[in-house]
Amino acid sequence: AEARAALDVEGRRVISLLGHVTKRRGHRLVIEALRELPDDVVALFVGAPIQGRDYMVDQFKEWAVKQGVEDRVRFTGYVSEEVLEQVLVATDVLSEGLAIAQECRAREDVDLGARVVDVVFAGDLVAGKLQQCRQRVAEHRAAGVADMQR
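None of the values given here were measured: they were computed from a predicted structure. (Residues numbered from 1 in each chain as written. Predicted model: local features only at pLDDT ≥ 70, side-chain atom pairs only at ≥ 80, totals over all residues. Heavy atoms only, no water.)

A word on the overall build of the protein
Within the protein, the regular secondary structure consists of 7 helices and 4 strands. Secondary structure of the protein in N-to-C order comes out as α-β-α-β-α-β-α-β-α-α-α. Sorting the 150 residues of the protein into buried and exposed places 42% on the buried side. Contacts spanning at least 24 positions in sequence make up 78% of the contacts within the protein whose residues lie at least 6 apart. Carbon and sulfur atoms make up 47% of the accessible area of the protein, which totals about 8700 Å². (Helix = DSSP H or I, 4+ residues; strand = E, 2+ residues; numbered from the N terminus. Buried < 20%, exposed > 50% of the residue type's maximum accessible area, 1.4 Å probe, protein only. Contact = heavy atoms within 4.5 Å. Areas by Shrake-Rupley, 256 points an atom, 1.4 Å probe, with all protein chains shown as cover.)

Take a look at the structure:
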């Protein structure tokens, strides 16, 4: 509850996508999927654009406006270890947008937005990775390690 309050996502379901903001990571797919998901679902894009590509965030924000979901998309930029820990605790679905995009490119008959919706509702394709992230946070807390980078 504390992590959700700190991130201002109380009462919301959270899809998080971690890493640099790039064309191929899956941000666009998650934004498109939000159109099809209930209004209580929000996306946290945790990471900064690659140096010199700050325009990518603006492009994705414009896309969110065109999709009518701009109020449900948040770009955090680079975050501290403490905030990353909060994100992982508050996350319901850890997006694997890149893997979904690669799978869908191989099959022209698949609507990318629909595929992300399938993953969000199925949960099993991403739940394992989210559980691993939460386990890693718990292990670091127990060990008293401040820096989670390995």
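Remarks on the nonpolar core
Generally speaking, soluble globular proteins have nonpolar side chains that are buried together. Formed by 20 residues in total, the largest nonpolar core has its most connected members in I31, L34, F45, V73 and F75. Those elements giving two or more residues to this core turn out to be β1 (13-18), α2 (27-36), β2 (41-46), α3 (55-67) and β3 (73-77). When residues in this core are grouped by element, the largest group, 5 residues, is from α3. Setting aside chain neighbours within four positions, we find F45 in contact with L17, H27, V30, I31, V73, R74, F75, T76 and G77. Grouped together as the second largest cluster of nonpolar side chains are 10 residues, A3, V14, V87 and A90 included. (Core = buried A, V, L, I, M, F, W, Y, C linked by side-chain atoms within 4.5 Å.)

Remarks on the sheet that holds β1
Strand order in the open sheet formed by 4 strands is β3-β2-β1-β4, with parallel pairing between adjacent strands. Each edge of the open sheet is held by one strand with a lone partner, namely β3 and β4 (93-94). Judged from the 6 bridges that link them, β1 and β2 form a sheet pairing that is parallel. Across the sheet, V14 pairs through a bridge with V42, a residue of β2. Its contacts with the sheet place helix α4 (residues 81-90) against β1 and β2, and it is angled at close to 130° to β1. (Pairing = 2+ DSSP bridges. Axes fitted to C-alpha atoms, helices over the stretch in contact; angles between N-to-C directions.)

Some remarks on the pattern of salt bridges
Counted by the stated rule, this structure contains 5 salt bridges. For D92, the salt bridge identified is with R4, shortest N-O distance 2.9 Å. Linking D92 in the loop between α4 and β4 with R4 in helix α1 (residues 2-7), this pair joins segments that are 88 residues apart in sequence. Residue classification places D92 among the partly exposed residues on the basis of a relative accessible area of 36%. (Salt bridge = Lys/Arg side-chain N within 4 Å of Asp/Glu carboxyl O.)

Function cannot be inferred from these measures alone, as they are strictly geometric.
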